[in-house]
Amino acid sequence: MSNNVNAATASPSASAEKTAFAILVIISVCHLLNDTLQTLLSAIYPLLQTSYGLSFAQIGVITLTFQGTASVLQPMVGFLTDRHPRPYSLAVGMGLTLTGLVLFSRAASYPVLLVAASLVGTGSSVFHPESSRVARMASGGRHGLAQSLFQVGGNAGGAIGPLLAALIVLRHGQASLAWFSLAALLGIYLLIKVGHWYKSHGLRRLTPRSAAAACRASLPRGRVVLTLAMLLALMFSKFFYMASMSSYYTFFLIGKFHVPVRSAQLHLFVFFGAVAAGTLAGGSFGDRFGRKVVIWVSILGVLPFTLALPYANLFWTGVLTVPIGMILGSAFPAIVVYAQELLPAQVGTVAGMAFGLAFGLGGIGAAVLGHLADVTSMAFVFRVCSYLPAIGLVALFLPDLKRGLPSGRE
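Residues numbered from 1 in each chain as written. Predicted model: local features only at pLDDT ≥ 70, side-chain atom pairs only at ≥ 80, totals over all residues. Heavy atoms only, no water.

Let us now look at the overall build of the protein chain. Scanning the protein chain from N- to C-terminus turns up 17 helices and 0 strands. The buried share among the 410 residues of the protein chain stands at 55%. In the protein chain, 86% of the contacts between residues at least 6 apart in sequence involve partners at least 24 apart. Of the roughly 16500 Å² of accessible surface on the protein chain, 70% is carried by carbon and sulfur atoms. (Helix = DSSP H or I, 4+ residues; strand = E, 2+ residues; numbered from the N terminus. Buried < 20%, exposed > 50% of the residue type's maximum accessible area, 1.4 Å probe, protein only. Contact = heavy atoms within 4.5 Å. Areas by Shrake-Rupley, 256 points an atom, 1.4 Å probe, with all protein chains shown as cover.)

A few words on the nonpolar core. Judged by nonpolar contacts, the single largest core of 103 residues is most densely connected at Ile62, Phe104, Ile295, Met378 and Phe382. Per-element tally for this core: the top contributor is helix H10 (residues 221-257), with 15 residues. The residues touching Ile295, leaving out its near neighbours within four places in the chain, are Leu231, Leu234, Ala334, Ile335, Tyr338, Ala395 and Leu398. (Core = buried A, V, L, I, M, F, W, Y, C linked by side-chain atoms within 4.5 Å.)

The backbone of His258 sits at a positive phi, close to 60°, despite the residue not being glycine. Tracing the chain through its elements places His258 in the loop between H10 and helix H11 (261-289). Residue His258 is classed as exposed on the basis of its relative accessible area, which comes to 66%.

This paragraph deals with the pattern of salt bridges. By the definition in use, this model includes 2 salt bridges. Close ionic contact of Arg133 with Glu130 constitutes a salt bridge, the shortest N to O distance being 2.8 Å. With Arg133 and Glu130 both in helix H6 (residues 110-137), this residue pair falls 3 residues apart, about one helical turn. Using a relative accessible area of 4% as the deciding quantity, one classes Arg133 as buried. The partner of Arg291 in a salt bridge is Glu341, and the shortest N-O contact between them spans 3.1 Å. Of this pair, Arg291 sits in helix H12 (residues 291-300) while Glu341 sits in helix H15 (residues 331-342), and the two are 50 residues apart along the sequence. The same class applies to Arg291 and to Glu341, which are both buried. (Salt bridge = Lys/Arg side-chain N within 4 Å of Asp/Glu carboxyl O.)

A surface patch of nonpolar side chains, about 780 Å² in accessible area, is lined by Phe285, Phe289, Val293, Trp296, Val297, Leu393, Leu396 and Phe397. Going through the elements one at a time, H11 and H12 are the ones with two or more residues in the nonpolar patch. Ranked by the residues each element gives to the nonpolar patch, the list is headed by H12, at 3 residues. Within the secondary structure layout, Trp296 lies in helix H12. (Patch = residues over 30% accessible without salt bridge, like charges linked within 9 Å, V, L, I, M, F, W, Y side chains within 5 Å.)

This paragraph deals with the confidence of the model for the protein chain. Put simply, the protein chain has an average pLDDT of 82, and 89% of its residues get 70 or more. Put simply, helix H1 (residues 2-10) is where the protein chain has its lowest mean pLDDT, 40, and helix H13 (residues 303-308) is where it has its highest, 96. Counting contacts from residues 1-19, a segment whose pLDDT is below 50, to residues more than four positions away or on other chains yields 2 contacts. Confidence drops under a pLDDT of 50 for residues 207-217, and excluding neighbours within four residues, the segment shows 13 contacts in the predicted structure. (pLDDT = per-residue confidence, 0-100.)

So, on to the packing of aromatic side chains. Working definition: an aromatic ring pair is given by the centre-to-centre distance plus the angle between the planes. Throughout the structure, instances matching the rule amount to 11 aromatic pairs. Centroid distance Phe252 to Phe257: 6.5 Å. Interplanar angle 90°. Geometry classified as edge-to-face. Given a relative accessible area of 3%, Phe252 falls into the buried group. On the accessibility criterion, Phe257 (21% relative accessible area) is partly exposed. Here the aromatic cluster, defined as three or more aromatic residues joined through ring pairs, consists of Phe56, Tyr248 and Phe251. If you follow Lys238 out to its NZ or CZ, it ends over the ring of Phe239, 5.1 Å from the centre. (Phe/Tyr/Trp six-rings, centres within 6.5 Å; stacked < 30°, edge-to-face > 60°. Lys NZ or Arg CZ within 6 Å of the ring centre and 35° of its normal.)

As for its position among the elements, Ala351 is in helix H16 (residues 347-375). Relative accessible area serves as the criterion here: at 0%, Ala351 is assigned to the buried category. Each C-alpha atom, one on Ala351 and one on Ser131, is 9.3 Å from the other, the two residues being 220 residues apart in sequence.

The N-to-C vectors of helix H5 (residues 89-106) and helix H8 (residues 181-200) enclose an angle of 170°; their axes lie 8 Å apart at closest approach. By the criterion of interaxial angle, the relationship of H5 to H8 is roughly antiparallel. The residues of H8 that touch H5, namely those facing Leu90, Ala91, Met94, Gly95, Leu98, Leu101 and Val102, are Ser181, Ala184, Leu185, Gly187, Ile188, Leu191, Ile192 and Val194. Of the residues that constitute the contact of H5 with H8, the class distribution is 12 nonpolar, 3 polar and no charged. (Axes fitted to C-alpha atoms, helices over the stretch in contact; angles between N-to-C directions. Parallel < 35°, antiparallel > 145°, perpendicular 65-115°, else oblique. Nonpolar A, V, L, I, M, F, W, Y, C, P; charged D, E, K, R; others polar.)

Here it is in structure tokens:
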């Protein structure tokens, strides 16, 4: 016992940093598992379209149900847990995802698919705002890096989902989705461990910020509202374009280049892999150069590549999706941390709103773009979406928060 006390006394900061880093790794792995399961569902849309005779609009409604549920509930979860922290709610959220996944594997009709999608969305509504809060608590002040590590797990899961769909689900059928319940069970086990840390260590870090700290980031109320509106416009640009890729990129490749479904899934894997790489870089760059710079570059900077994509051949389509994924991927961690610095006393609410908007805009985008594809063509949808990053110009008018919070730290 004395040895333990001496070790803790000798290097308390080192011990805390080690524990925090371990929590960041665990929460990132759980994000990987969570988003693998979610992306797996959208990756098998071509299989569902064949099995159930679905239109593109009906496929969009599945995405809208999943992401709409998450969008509505996530801000509510963040608001409630800001006031009443629930250390083990993360494991409960993963349990809901597990239930939805199993139901998805056994669904015999389109309405049951929608119920399963809503359960997965409910699981996400708990997981994302709370895990984002845990990442911030474990950050040691490097909020951008912590947010990137957390989100890169989700992006990696987004890349793995289509790959697993191509290798397993398309070969063995819809029922094989139940096999992935093992991943959800692993996530529940790890999140219970995170809950233990949250209860014993994390709750101490949830003390309210001092008035001076809040003052550092304060802006006039009208300016805060205007800034949030600009962030909403930027998220609209990013997530409508991401909806076109995540839900319909495989259909675009199949329709334009007549590639087999498995090849299209591998192309989607490459895109999501690039998003994961960009996400990891975005948070660190935000810590170093400021969130505003990263937000501006990550939205507007992708425009030349998106404009070229609808007119490229198969080879260059694959090449162009790499910079598109990397540049777009760097945006979200910077946006989340920027918003948390804008409203430093409402970390959970901000995270819930950010992830809620991400899911909601993605879901609405999938439904709108699916309907547009039904009445026009998938090629037309991608030509329209190629102009969305031009909205990134509004990032020029975001206030600079670096003066209030140097290097993005508390």
